[in-house]
Amino acid sequence: MGRERMRVTQIKLVDGLYLMGAPGIGKTEVIRQKAMEEAKALGKVFVDLRDADDETINEIFKDPSKYYVFIRVPATHIMPEDFAIPLKVMDKNVKYYEHIPPKVFAVLSLKDIHGVLFLDELNNVQREDQLTALFALLQDQDKEIGWGVKLSKNVKVIAAGNPIEWSSVANTLPLPMRMGRLIVMEVDPPSIDDWISYMSKNYGDNWDKRTALYLKFFPQDFIKPKDKEDDGISPYPSPRSWTKLALLLKNVDDENFAVELAYGLLGKEVGARFEAVIRSYLTEDDVKRIEEDPSTFDDMTEAKKIVVLYSLINEPFRFIRLLKHLAA
């Protein structure tokens, strides 16, 4: 019996970790959430550098020991010339160039700073000079960026990528990265319960819970790989797709537009099944029939059951006998 792969939600923050998993399963969000938890455990102020204004950055430079920083950078966006900017220096009769790091790397190189640099889409990098620069950054001890600038020893470098079967632009990992430089870990998507917990924790009641009920009935639709007849345009469902749909549907009153959103995020096959949920209604006669004989619920279509359960969540007092029937 083969070992089960770890779900992405179960990983720990380890320097040099490389997460290999399907797109849209939440790798970035999980790393960010884990970084926030670590910051809290260390008693430090968490700052996502992509959201930080100049005032916050200046405060970090004044006292880096108070902060825990996080930034996601697509590896394909990092060019060797980004690591250090040449600055001409004139000192009497001596002329030379120094190289200074950009703001983000300057923060990450502060001696007392803690944090995570998350390099996403690592195996999508095509250029050899980019790979060479990333090699140095991924060195366990050095973590060099540019001309002699190093990341703080308290900054973890974590990377992620997609398996080749999931991405037409993914490459194999260069051999040096697979010989101890990276901890390559294949991860599976979160469970549906993990996803529901995440949505409730982060969005409260501001998401459409029909999505969660649907996934309980059709767990196979949580994520789907592309098929052999993929046309290169049609969407496929993933945890990211379901998150977007759940948030969008909460604020959409137009039924036809809601259906188009479902097709646009889930694809034709899964979108058609979810359309049945969107277009299903619960009448007062339905409610009366269920209360008179709760067993009629068992013979309903999945789409109708989802609508009933959605109503039960919002108005449980209308379905007292059904609650007892389901608990039996």
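Procedures and definitions
- Residues numbered from 1 in each chain as written.
- Predicted model: local features only at pLDDT ≥ 70, side-chain atom pairs only at ≥ 80, totals over all residues.
- Heavy atoms only, no water.
- Pairing = 2+ DSSP bridges.
- Helix = DSSP H or I, 4+ residues; strand = E, 2+ residues; numbered from the N terminus.
- Buried < 20%, exposed > 50% of the residue type's maximum accessible area, 1.4 Å probe, protein only.
- Arc of directions from axis to C-beta.
- Contact = heavy atoms within 4.5 Å.
- Polar contact = N/O pair within 3.5 Å; in protein donor to acceptor, adjacent residues only side chain to side chain.
- Expected span 1.5 Å × (residues − 1).

Asker: Looking at this structure, how should I read the sheet that holds strand 4 (residues 67–74)?
Answerer: Strands pair in a sheet through their backbones, by hydrogen bonds, and they do so in one of two ways: parallel or antiparallel. Read from one edge to the other, the open sheet built from 7 strands follows the order 1-11-2-10-7-4-3, with strand pairing classed as parallel. Each having just a single partner strand, strand 1 (6–7) and strand 3 (45–48) make up the two edges of the open sheet. Both strand 2 (residues 17–20) and strand 11 (residues 183–188) contribute to a ladder of 4 bridges, which runs parallel. Note that in strand 11 the partner of Leu17 across the bridge is Ile183.

Asker: Can you walk me through helix 9 (residues 268–278) in this structure?
Answerer: Along an α-helix, residues three or four positions apart point the same way, because every turn accommodates 3.6 residues. Buried within helix 9 are the following residues: Val270, Gly271, Phe274, Val277 and Ile278. Considered in projection along helix 9, the buried side chains sweep an arc of 100° and stay on one side of the axis. Taken together, the buried residues of helix 9 touch helix 6 (210–217), helix 7 (239–249), helix 8 (255–266) and helix 11 (302–314).

Asker: Help me understand the side chain of Ser152, please; the structure alone is not making it clear to me.
Answerer: Counting through the fold element by element, Ser152 comes out in the loop between strand 9 (149–150) and strand 10 (155–161). Looking at Ser152, its side chain comes within polar contact range of the main-chain oxygen of Ile113, at 3.1 Å. Once you skip the residues sitting within four places of it in the chain, Ser152 turns out to touch Leu108, Ser109, Leu110, Lys111, Ile113 and Lys143.

Asker: What is the right way to look at helix 1 (residues 27–42) in this model?
Answerer: The terminal C-alpha atoms of helix 1 lie 23 Å apart, and with 16 residues this matches the ideal 22 Å at 1.5 Å per residue to within 8%. Buried within helix 1 we find Lys27, Val30, Ile31, Gln33, Lys34, Ala35 and Ala39. Phi turns positive, to about 70°, at Gly43, one or two residues after helix 1.

Asker: Is there a simple way to think about the pairing of strand 7 (residues 114–120) in this case?
Answerer: Within a regular strand, side chains alternate between the sheet's two faces. For strand 7, a buried count of 7 out of 7 residues is recorded, marking the element as mostly surrounded by other parts of the structure. Two elements, strand 4 and strand 7, share 7 bridges in a ladder whose sense is parallel. Along strand 7, the bridge assignment pairs Val69 with Gly115. As paired elements, strand 7 and strand 10 share 5 bridges and run parallel to each other. The partner of Phe118 across the bridge, within strand 10, is Ile158.

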